[in-house]
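Spelled out from the first residue to the last, the chains are:
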4 protein chains.
Amino acid sequence: MGRTGVWLLGARGSVATTAVLGAFAVREGSAAPTGCVTARPEFEGAGLPGLEELVFGGHDLSDVRLCKTAERLARTGVLPAHLPGAFADRLGEVEGALRPGVVAEGGRVTRADVDRLERNLREFAEREGLERTVVVDLTSTETRLEAHPEQEGPEALEAALDSGGARIPASSAYAYAALRAGCAFVEFTPNTGPRLPALRALAEREGLPWAGCDGKTGETLVKSALAPMFAARALRVRSWSSVNLLGGGDGETLADPEHAESKTDSKARGLEHMLGQPVEGPLHIDFVPDLGDAKTAWDHVSFEGFLGARMTLQFTWAGQDSALAAPLVLDLARLAALALGRGTTGPVTALGFFFKDPADSDVHGLVEQWQALTAWSVPEGGGT
Amino acid sequence: MGRTGVWLLGARGSVATTAVLGAFAVREGSAAPTGCVTARPEFEGAGLPGLEELVFGGHDLSDVRLCKTAERLARTGVLPAHLPGAFADRLGEVEGALRPGVVAEGGRVTRADVDRLERNLREFAEREGLERTVVVDLTSTETRLEAHPEQEGPEALEAALDSGGARIPASSAYAYAALRAGCAFVEFTPNTGPRLPALRALAEREGLPWAGCDGKTGETLVKSALAPMFAARALRVRSWSSVNLLGGGDGETLADPEHAESKTDSKARGLEHMLGQPVEGPLHIDFVPDLGDAKTAWDHVSFEGFLGARMTLQFTWAGQDSALAAPLVLDLARLAALALGRGTTGPVTALGFFFKDPADSDVHGLVEQWQALTAWSVPEGGGT
Amino acid sequence: MGRTGVWLLGARGSVATTAVLGAFAVREGSAAPTGCVTARPEFEGAGLPGLEELVFGGHDLSDVRLCKTAERLARTGVLPAHLPGAFADRLGEVEGALRPGVVAEGGRVTRADVDRLERNLREFAEREGLERTVVVDLTSTETRLEAHPEQEGPEALEAALDSGGARIPASSAYAYAALRAGCAFVEFTPNTGPRLPALRALAEREGLPWAGCDGKTGETLVKSALAPMFAARALRVRSWSSVNLLGGGDGETLADPEHAESKTDSKARGLEHMLGQPVEGPLHIDFVPDLGDAKTAWDHVSFEGFLGARMTLQFTWAGQDSALAAPLVLDLARLAALALGRGTTGPVTALGFFFKDPADSDVHGLVEQWQALTAWSVPEGGGT
Amino acid sequence: MGRTGVWLLGARGSVATTAVLGAFAVREGSAAPTGCVTARPEFEGAGLPGLEELVFGGHDLSDVRLCKTAERLARTGVLPAHLPGAFADRLGEVEGALRPGVVAEGGRVTRADVDRLERNLREFAEREGLERTVVVDLTSTETRLEAHPEQEGPEALEAALDSGGARIPASSAYAYAALRAGCAFVEFTPNTGPRLPALRALAEREGLPWAGCDGKTGETLVKSALAPMFAARALRVRSWSSVNLLGGGDGETLADPEHAESKTDSKARGLEHMLGQPVEGPLHIDFVPDLGDAKTAWDHVSFEGFLGARMTLQFTWAGQDSALAAPLVLDLARLAALALGRGTTGPVTALGFFFKDPADSDVHGLVEQWQALTAWSVPEGGGT
């Protein structure tokens, strides 16, 4: 499919570093593509860019060097011990393609900010001779957005950018720049990103695709496999209680209740859709630093069967955040590149399989999402 | 659809008693059809017989009266306390339609045995003015079958029945009688029933449908929801260990390793199909009398993600056997009646949704089975 | 030991009703004393009052009749179905001994309030010819106490009661009245009760015993068995996360974060003592109405072994609140009567076995508490 | 206390290698003594040999070099990555003190065998200038022992050794040699070791101490903390079901049902003692190679409270075998050296804290065992 840029927002973080190093390892044959959905045979005829065609760059607020992050991840067992050393040179090249991120100072983003971000993307494409670029948001969870008129339409947004700054979050500033630079955008976090009405309209106008939101990597993934079971069997779920224990950076951000709120919301939304009824029960996200990159979730489902019989199902998921998220980042980069190549416009609902809060879709059941994804990727009658 | 006979093998057991009492309660509006799949809106246009059109009878080796079983179930909390009293008269009518079951004495079934069973079915249909009858096997798990020539074809089977008896299990004797009497047959246990080559051929010749085998009511149900998740996400399952703690009659039978073997086999078969790879790990079925009608299962799944990261998922299912199985018995009676009405012949693979070991099918994933079931029940373009 | 009054605060609630009915059932031989610690052989020589010597009465704000509560508990499976009917007469007698409770209107308790409570206790003792009375607090969890000078000493307290009312919670008003009436007091909830400095001093002056606080009936019980294991084995607990899902009335009260705070505190305190180190991890108490009288707790313990190896222990406790608390109420009534008979003064630390937050004691390990309890009950060299 | 030999049977295995490397790391201050019971302050005055006084040697049937085992353990995450390199020299010295183990060929052990083992021990002590030596059995689980007359007394045993060989297992041959060489013996496995009547008598005659059997490192440890809780609270345990999933070498041996039998027995014995009643429920030990050094256990306890209320407790223990067992090996070596120094004779029941099947003791509750251990180690009134 030709050289494809993968521009990672939060490029120096654990997920991004794991994605980049993993891509190197898989394409050189030293690791299997475990966890990479697009490596399954169903996607063979889809015409996706090969891993060897992906070129990495990105924005980050931190200036800790990539190789340092990689070493830390190897030391704590998140990455295989030999990996950072084996691909030190490659990592150095990616290091050269990283640029400083942006902060919405005083809650505002200026014209200078977005111009700089756009320029970074255009220079990346030119320097690397890319045919297309996908921007993937892997930054930390933002606080809940307050509404402002300039978020409602492209004109108002442009006007605000030109006069004192627009009250949009950093994730939306990145999305704006991506769309201006002709890139596809993947919102892998619960952040607002391209979901502002102004940006949705911009994507339509520019004829660009985007996907999101909030990667489905753990407890919600299991929920989306189990909830359709209760529905299909006409079992009445009475309560569904969930606890998520997170270490690592994301856990810390989410410990702040203001940040947690947007994540909790996007997690809760799907359950009611899958069950066809509202359901009570708490949903906790707790920061437990001791756990590091590990994510442990416990769910307790109380349900009712024939003649009122009371039963329960509980599960404990002990996952590794980076190992679950990173291959999906590569999948989404490849699939969004496909959408870009096909000229798809607006939210790509067929990518809902990957998200807790699938944009413009009420399909949350995993198998249905899988069927939609494969049907879209390789339409009947052949590939691209 | 007209009066439909539901002839239960093991009619005095917990599952059968719960199914019968539950059907009464639901059709009189005193209980919701929770757990009844065919009560979902998807089946509205299917032309299934209504619960009020079902007429119950059956075979059983025990002579404990139905009302006694019902009282025991109410006392131990399996059934609501008021239910046996509320439907005492109705239960009495069903009592009148029960006939003694059959045992394969010395491992052989005689012509007299099968003739009597067939006569019981024909008399039931005539007496009750039935349009069609579905026979559902709910008897205890049999020991593993030893092969004999008379199991291979109808002629050999008939000859053996006429001369000293055929070496077939009781479940197959029931299935033979059902097919001779023009009934549909549902094998809800792991027993051989209609799966002998001789009986398969007989079903074809008579143009009759059958379904099976081994109702998917608990741990395997959850497995069939979770295994496709790992497959779709390209996560490599390394081991899947399962423990089932069963009280009640079925548990006791399965504690005998010879009986357990056939159940274990039918449980294990599906996992490899769903995961697309063989997977190690024990599968235990234990009899813990203290648990009564409760079934508790623990599954431990060890799996691998990107770059070899090791993770686990474990779940505990605490179910009530009768409350899970009974509504499926009603569903299968209604659906098999539909197949009989449509003139379907042989194993109805679209009913695989209900079984651990779906006859003539390799589809084990729950959602795929659901889609096949609903498509078959209400074909596009309308109902029956 | 002679007739012993058991005066229950919150006498119309689930725990009190279960305790009363259970005492009747056990003493008439129709139920085993399962869950009754003092029925163990270790207490045989202690000279405790027999169950048949206990006489019940109490305060409650509700006016729902005891038999109604009992019927509701039987209907929802908390009590055996036949129990309310079997002891209807006895329940009627207890009904006659119930009196209205007290509320701290505007946060203040008046002299008239405490006088009336004291009179209720004295009349009960006289009418029933009691040798001694134990008052047990089973009321709902109160909000966190704000400090006021009149809580600091008996004189200030008396003065405030006489002039406009004392700023003490209802639980402390009950404790005041109990001490004035010469009764022992058991604080079975996390409420303040006798812990105000003014009341501690009053108990000393009157030479009366009290015990508390907050009955250890579920998750904390398991914690107090497991935490000493980690300590004895020198395993380093890194995080201990706890989730409690409660239905029923107590759950509802605790859902209010202001109420929850005091309960959470008393739960957290013990862990650090048992482990000998502070330990991180959330502690949630959630109200899930669907669960009724059931209490489900999940604990996740992350710990470290030799050479930094990371391991986990998790447990799920599925308990029934009333069935766990009620027998302890009977135990504490009997043991507090013993203390009263012996002339013990102030907090009885030997009863710490029963509490999450043992008064004046840092011993939280269950076995150590057990040893202290039995040594106190039957001192070496013989009983009372 | 002076130089103390620690002679490990199965010295090239995972547990032994971890113990040796860990002892080096802890005594040089590069690792904390996490999991080392004797590092707790309670043992300060006991006069135990310091870790720096321990000198390691041992027998093994394998000839894989120690450093190779260490590297494998580091590679699979059982040991910290840097450890084998950091102590390569020290490991080399231990390598030089290893000798070939013994097999009971044709089920018989000869005089030549035991003489050679004894000689190995004596030469080790002389070469290293040891004051005393403790032999610790860490070999694989043996098949169940068949009784033979020569196991009954020292004379018969000696006679059999001299004439064609004695029918005793290898573990008992090692124990015989140890006792002959004046060493203390610790049976850390479920093997017979010193428990033959002939060897018990020999230990008495020689005035030597021994301890055992079967290190309590995981699921049984938790059981011994939880079972006393149910007993103290008078809760009736109705069933206790246990499943152990083991990878690694021990798991493989135990997968053979003949080997498993002896381990299962020693695990089951304690529960009845702690609960004061027999209790039903399966106990499985399964080999799941995928799990490596990890041991996962699930226990399901069904119990009854007041008035027959049914409740459950379940736990999942996810441990690392070597990290749990290795520090106990060091503890037992130090404590057995203390017993040897004190002239203790026969089974040291105070060491029951460490074992699933404590020799000559019915005390299984963990806290009681802990109290016995500390009281023995530092008798009141001072240390050694």
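About the criteria used
- Each chain carries its own residue numbering, running from 1 in the direction its sequence is written.
- A letter from A marks each chain and a number from 1 marks each ligand, given out in the order of writing.
- Local features are withheld for residues below a pLDDT of 70 in this predicted model, meaning they are given only at 70 or higher, and side-chain atom pairs are given and counted only at 80 or more; totals for whole chains, interfaces and linings count all residues.
- The side-chain numbers reported here are obtained from all heavy atoms of the structure, hydrogens and water having been left aside.
- UniProt positions are given in the numbering used here, feature names are shortened, and annotations may be inferred rather than shown by experiment.
- Any two residues whose heavy atoms approach within 4.5 Å are treated as being in contact.
- Put simply, buried area is the surface a 1.4 Å probe can reach on two separate parts but cannot reach once they are joined, added for both.
- Should a side-chain nitrogen of Lys or Arg be within 4 Å of a carboxyl oxygen of Asp or Glu, the pair is scored as a salt bridge.
- By the criterion applied in these results, polar contacts are pairs of N or O atoms within 3.5 Å in which, for protein atoms, one can donate a hydrogen and the other can accept it, and in which residues neighboring in sequence qualify only through two side-chain atoms.
- Comment: elements are numbered from the N terminus, with helices defined as DSSP H or I runs of at least four residues and strands as E runs of at least two.
- Charged means Asp, Glu, Lys or Arg here, nonpolar means Ala, Val, Leu, Ile, Met, Phe, Trp, Tyr, Cys or Pro, and polar covers whatever is left, Gly included.
- Note: two strands are recorded as paired if DSSP finds a minimum of 2 bridges between them.
- For every element, the axis is a line fit to its C-alpha atoms; helices are fit only across the contacting stretch, and the angle between N-to-C directions ranges from 0 to 180 degrees.
- Here the term buried applies to any residue with accessible area under 20% of the maximum for its type, exposed to any over 50%, and partly exposed to those in between, with areas from a 1.4 Å probe on protein chains only.
- Here a crossover is taken to be right-handed if, once the strands point away from the viewer, the path from the first strand over the helix to the second is traced clockwise.
- Where each domain begins and ends is defined by an automated method or by a domain database.
- The copies were overlaid with a least-squares fit restricted to C-alpha atoms from residues scoring a pLDDT of at least 70 in each copy.
- This arc corresponds to the set of directions leading from the helix axis out to the C-beta atoms.
- The pLDDT value tells you how sure the predictor is about a given residue, anywhere from 0 up to 100.

By the naming in an unreviewed UniProt entry, chain A goes by Inositol-3-phosphate synthase and is assigned to Nocardiopsis coralli. As recorded by UniProt, the Sequence similarities (unreviewed entry) comment attached to chain A reads in full: "Belongs to the myo-inositol 1-phosphate synthase family."

*Asks:* Could you clarify how one ought to interpret the interface of chain A and chain B in this entry?
*Replies:* Accessible area lost during the coming together of the parts is what is often quoted as the interface size. On the side of chain B, 58 residues touch chain A, which itself brings 58 residues to the contact. The junction of chain A with chain B conceals about 4,500 Å² of combined surface from both sides, 70% of it contributed by carbon and sulfur atoms. Among the residues chain A hides against chain B, the three largest losses belong to Arg233(A), Phe306(A) and Leu307(A). Together they make up 21% of the total. Run the count over chain A and chain B and you get 0 salt bridges. The interface formed by chain A and chain B includes 14 residue pairs in polar contact (both at pLDDT 80 or more). Looking at the side of chain A that touches chain B, the elements with two or more residues in it are helix H1 (14-27), helix H9 (219-232), strand S9 (294-304), strand S10 (310-320), helix H12 (321-342) and helix H13 (366-377) of chain A. When residues in the side of chain A that touches chain B are grouped by element, the largest group, 11 residues, is from S10(A). Of the residues in the side of chain A that touches chain B, the class split is 39 nonpolar, 12 polar and 7 charged. The sheet contact formed by S10(A) and strand S10 (residues 310-320) of chain B spans 7 bridges and is antiparallel.

*Asks:* I tried to follow the environment of Tyr174(C) on my own but got confused; where do I start?
*Replies:* All names here are of chain C. Here Tyr 174 is to be found in helix H7 (residues 170-180). Note: C-alpha distance between Tyr 174 and Phe 185 (11 residues apart in sequence) is 9.0 Å. Once residues within four sequence positions are removed from consideration, Tyr 174 is found in contact with Leu 9, His 59, Gly 101, Val 102, Leu 117, Thr 139 and Phe 185.

*Asks:* Quick question: what am I supposed to make of the sheet that holds strand S1 (residues 4-9) of chain D here?
*Replies:* Strand pairing in a sheet takes place through backbone hydrogen bonds and is either antiparallel or parallel in direction. Residue and element names in this part refer to chain D. Pairing is parallel across the open sheet formed by 7 strands, whose spatial order is S3-S2-S1-S4-S5-S6-S11. With one partner strand each, in any of the chains shown, strand S3 (98-100) and strand S11 (346-347) form the two edges of the open sheet. The strands touched by helix H1 (residues 14-27) are S1 and strand S2 (54-60); relative to S2, the strand with the most contacts, the crossing angle is about 165 degrees.

*Asks:* Explain the pairing of strand S6 (residues 209-212) of chain A here, please?
*Replies:* On any regular strand, side chains alternate: one points to one face of the sheet, the next to the other face. Residue and element names in this part refer to chain A. Here S6 shows a buried face lined by Pro 209 and Ala 211 and a second buried face lined by Trp 210 and Gly 212. Bridge count for strand S5 (residues 184-187) against S6 is 3 bridges, and the pairing is parallel. In the strand pairing of S6, Phe 185 is matched with Trp 210. Each parallel crossover has a hand, and for S5 linked through helix H8 (residues 197-206) to S6 it is right-handed. Taken together, the 2 bridges between S6 and strand S11 (residues 346-347) define a ladder with parallel strand orientation. If you follow Trp 210 over to S11, its bridge partner there is Pro 347.

*Asks:* Any chance you could explain the domain arrangement of chain A here in plain terms?
*Replies:* Taken domain by domain, chain A consists of domain 1 (4-214 + 323-377) and domain 2 (219-320). Each of domain 1 of chain A and domain 2 of chain A has a C-alpha centre, and these two points are 26 Å apart.

*Asks:* For this particular structure, what's the right way to read the sheet that holds strand S2 (residues 54-60) of chain B?
*Replies:* Residue and element names in this part refer to chain B. Reading across the sheet, the 7 strands line up as S3-S2-S1-S4-S5-S6-S11 and stay open at both edges, with parallel pairing between neighbours. Lying at the two open borders of the sheet, with one neighbouring strand each, are strand S3 (98-100) and strand S11 (346-347). On the sheet, helix H1 (residues 14-27) packs against strand S1 (4-9) and S2 and is oriented at approximately 165 degrees with respect to S2.

*Asks:* Help me understand the relation of the copies chain A and chain B in this model?
*Replies:* The operation relating the two chain copies consists of a rotation about an axis and a shift along that axis. Overlaying chain A with chain B gives an RMSD of 0.0 Å, the required rotation being 180 degrees about an axis along which the chain moves by 0.0 Å. Taken together, the rotation and translation relating the two chain copies correspond to the operation of a two-fold axis. Among all C-alpha atoms of chain A, that of Phe315(A) lies closest to the rotation axis, at 2.0 Å. In this assembly, 100% of the residues forming the interface of chain A have copies in chain B that are likewise at the interface, indicating an isologous arrangement.

*Asks:* How do you make sense of helix H2 (residues 66-75) of chain D when you look at a structure like this?
*Replies:* All names here are of chain D. Among all positions of H2, only Leu 66, Thr 69, Ala 70, Leu 73 and Ala 74 are buried. For H2, the angular spread of the buried residues around the axis is 135 degrees, confining them to a single face. Looking one or two places after H2, you find Gly 77, whose phi comes out positive at around 85 degrees.

*Asks:* What am I meant to see in the confidence of the model for chain A here?
*Replies:* Detailed reading of the predicted coordinates is not advisable wherever pLDDT falls low. Averaged over all residues, the pLDDT of chain A is 93; the fraction at 70 or higher stands at 94%. The ipTM, which scores confidence in the relative placement of chains, is 0.95 for this predicted complex, and the corresponding pTM is 0.94.

*Asks:* Please clarify how helix H7 (residues 170-180) of chain D should be interpreted in this entry.
*Replies:* Helical periodicity: at 3.6 residues per turn, an α-helix aligns residues three or four positions apart in one direction. Residues and elements named next belong to chain D. Across the 11 residues that make up H7, a large majority, 10, are buried. All buried positions along H7 are accounted for by Ala 170, Ser 171, Ser 172, Ala 173, Tyr 174, Ala 175, Tyr 176, Ala 177, Ala 178 and Leu 179. Among the residues trailing H7, Gly 182 stands out with phi positive, at a value near 80 degrees.

*Asks:* Is there a simple way to explain unusual backbone geometry in this structure?
*Replies:* Glycine aside, residues mostly have negative phi angles, and peptide bonds mostly take the trans form. The step from Gly212(A) to Cys213(A) runs through a cis peptide bond, and the omega angle for that step is 0 degrees. For Cys213(A), the location among the structural elements is in the loop between S6 and H9. Backbone geometry at Asp360(C) places phi at a positive 55 degrees, although glycine is not the residue there. Position of Asp360(C) relative to the elements: it lies in the loop between strand S11 (346-347) and helix H13 (366-377). A relative accessible area of 48% means that Asp360(C) is categorised as partly exposed.

*Asks:* Even after reading the chapter, I still don't get the pattern of salt bridges, so can you show me in this structure?
*Replies:* Between side chains of opposite charge, a pair can form as their charged atoms come close. On inspection of all chains with the given rule, the structure shows 80 salt bridges over all chains. Where Lys223(C) meets Glu219(C), a salt bridge forms, and the shortest distance between an N and an O atom there is 3.1 Å. Of this pair, Lys223(C) and Glu219(C) both sit in helix H9 (residues 219-232), separated by 4 residues, roughly a single helical turn. Glu219(C) shares its class with Lys223(C); the two are buried. Put simply, Glu128(D) and Arg3(D) hold a salt bridge, and the shortest N to O gap is 3.1 Å. Within this pair, whereas Glu128(D) is found in helix H5 (residues 111-128), its partner Arg3(D) is found in the segment before S1, the two being separated by 125 residues in sequence. For Glu128(D), a relative accessible area of 25% corresponds to the partly exposed category.

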